[in-house]
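# Per-entry structural report
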Amino acid sequence: MPELPEVENVIRSLVKKISGNRIIDVEVITPNIIYNRLEFSDLVKDKIIITLERRGKYIIIKLNEGNLLIHLRMTGKLLYNGEINKHTHLKIDFIDGDYLIYNDVRKFGRISYLNDEELEFYLLKKVGLEPGLMEYNEFRDKLMKKNGPIKKNLLDQTLIAGIGNIYADEILFASGLHPLYETKNLLEIDLSNLYNNIRDILDKATIAGGSTIRDYVNGDGTAGEYQDAHKVYGHSGKECTCCGCILEKTKVVGRTSVYCPICQRIR
Ligand SMILES: [Zn+2]
């Protein structure tokens, strides 16, 4: 569930609080969420946190030696001095007495310790263009090599990183494109609308603290507000804010997709 704006807000809420701190203890409560579970505690203990970065939907905690790569998937949360409960799977203690926990109700999230080379290799393979940094031409060229529904390609993290189901629906509505519209039929005007809306909507959502649909909160427990600005996501059966007709839903690669049959007509 957390997409680029939510992940970015987790990072922003934590970076000042934990950078520079030394890790003195690592408690792995649920080994299944850790990739290199056997050596993990030993690898992470005594390291100093340098900073936090984001690539797509990944959180990278840069250590003085190596990196923690974290994917929150559906319900993962990184919480600074947060409530320890039955959903707490990892606890990282700092020398100043503060701590960071990883909570995850559904336990789909993953955490790994990677050295710099391993991290680069992994990101290169799994994470595509960064929306805030991509040039129009590289976006256009990458997308136009793809077949299939535009929404499927927006969700492909190896193409453009960070867009999930919420923002894909919002971006397509803003661009007047049906989620099942064939990618190779996109016109130049569609591509430039998409490019601008991807950047604009992710930016606005980030500034609003992300979207809290069920239980998303950032690293200090604050919820997002961008859900109030959603025009289509979760609004199936309601009136389109633009034309007043009833929003419909369909499935694209197994994901519920809400759209306006008039504003997003397949041409
Ligand atoms: Zn409409």
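Residues numbered from 1 in each chain as written. Predicted model: local features only at pLDDT ≥ 70, side-chain atom pairs only at ≥ 80, totals over all residues. Heavy atoms only, no water.

Phi at aspartate 46 takes a positive value of approximately 75°, unusual for a residue other than glycine. Here aspartate 46 shows up in the loop between α2 (40–44) and β2 (49–55). For valine 253, which is not glycine, the phi torsion reads 40° and is therefore positive. Following the sequence through the fold, valine 253 ends up in the loop between β9 (248–252) and β10 (255–259). (Helix = DSSP H or I, 4+ residues; strand = E, 2+ residues; numbered from the N terminus.)

This part takes up the sheet that holds strand β8 (residues 110–114). On the basis of which strands lie adjacent, the open sheet formed by 4 strands has the order β2-β3-β4-β8 and antiparallel pairing. Since the sheet does not close on itself, it has two edges, and those belong to β2 and β8, each with one partner. With strand direction ignored, the average angle separating the axes of adjacent strands in the sheet is 20°. In terms of strand pairing, β2 meets strand β3 (residues 58–63) through 6 bridges, oriented antiparallel. Residue arginine 54 lies in a different strand from β3, and its bridge partner there is isoleucine 59. (Pairing = 2+ DSSP bridges. Axes fitted to C-alpha atoms, helices over the stretch in contact; angles between N-to-C directions.)

Okay, the sheet that holds strand β5 (residues 76–80) next. The 4 strands lie next to each other as β1-β6-β7-β5, forming an open sheet whose pairing is antiparallel. Strand pairing shows two members of the sheet lacking a second neighbour, β1 (23–28) and β5, which therefore form its edges. Averaged over all pairs of adjacent strands, the angle between their axes in this sheet comes to 15°, without regard to strand direction. Looking at chain direction, strand β6 (residues 88–94) and strand β7 (residues 99–104) are connected through 5 bridges and run antiparallel. Bridge pairing in β7 places threonine 88 opposite asparagine 103. Contacting β5, β6 and β7, helix α1 (residues 4–18) crosses the sheet at an angle of about 30° to β5. (Contact = heavy atoms within 4.5 Å.)

Attention shifts here to the packing of α1 against helix α7 (residues 188–207). Two quantities define a packed helix pair, namely the angle between the helix axes and the distance between the axes. The N-to-C vectors of α1 and α7 enclose an angle of 40°; their axes lie 8 Å apart at closest approach. What the angle tells us is that α1 and α7 run oblique. Of the two possible hands of crossing, α1 and α7 adopt the one that is right-handed. On α7, the residues touching Leu4, Pro5, Glu8, Asn9 and Arg12 of α1 are Leu202, Ala205 and Thr206. Among the residues making up the contact of α1 with α7, the classes are represented as 4 nonpolar, 2 polar and 2 charged. (Parallel < 35°, antiparallel > 145°, perpendicular 65-115°, else oblique. Left-handed = near helix turned anticlockwise from the far one by under 90°. Nonpolar A, V, L, I, M, F, W, Y, C, P; charged D, E, K, R; others polar.)

What follows deals with the domain arrangement of the protein chain. What the domain assignment lists for the protein chain is domain 1 (4–126) and domain 2 (136–259). Put simply, the middle of domain 1 and the middle of domain 2, counted by C-alpha atoms, are 28 Å apart. Across the contact, 19 residues belong to domain 1 and 20 residues belong to domain 2. In total, domain 1 and domain 2 occlude about 1500 Å² of area from one another, counting both sides; carbon and sulfur atoms represent 58% of this. It is Pro5, Glu6 and Asn9 in domain 1 that bury the most area against domain 2; as a group they hold 32% of the surface buried on that side. Put simply, domain 1 and domain 2 have 2 salt bridges between them. For aspartate 215, the salt bridge goes to lysine 77, with nearest N and O atoms at 3.2 Å. Viewed at the interface, domain 2 and domain 1 are joined by 9 residue pairs in polar contact (both at pLDDT 80 or more). Elements represented by at least two residues in the side of domain 1 that touches domain 2 include exactly α1, β5 and α3 (116–126). A class-by-class count of the residues in the side of domain 1 that touches domain 2 yields 7 nonpolar, 4 polar and 8 charged. (Domains from an automatic or database assignment. Buried area = accessible area lost by both parts, 1.4 Å probe. Salt bridge = Lys/Arg side-chain N within 4 Å of Asp/Glu carboxyl O. Polar contact = N/O pair within 3.5 Å; in protein donor to acceptor, adjacent residues only side chain to side chain.)

Across the 5 residues that make up strand β4 (residues 67–71), a large majority, 5, are buried. Here β4 shows no split at all, with Asn67, Leu69 and His71 on one side and Leu68 and Ile70 on the other all buried. Relative to β4, β3 is paired through 5 bridges, and the arrangement is antiparallel. Bridged to tyrosine 58 within β4 is histidine 71. (Buried < 20%, exposed > 50% of the residue type's maximum accessible area, 1.4 Å probe, protein only.)

Another aspect to go through is the coordination of the zinc ion. Only Cys240 (SG), Cys243 (SG), Cys260 (SG) and Cys263 (SG) from the protein coordinate the zinc ion, and they sit 2.2 to 2.4 Å from it. With 4 donor atoms in place around the zinc ion and angles of 99 to 113° between them, the coordination shape is tetrahedral. Motif for the zinc ion, donor spacing along one chain: C-x2-C-x16-C-x2-C. Overall, the relative accessible area of 0% leaves cysteine 260 in the buried class. Judged by relative accessible area, which is 24%, cysteine 263 ranks as partly exposed. (Donors = N, O, S within 2.8 Å, 3.2 Å for Na, K, Ca; no water. Tetrahedral: all angles 85-135°; square planar, octahedral: opposite > 155°, others 65-115°.)

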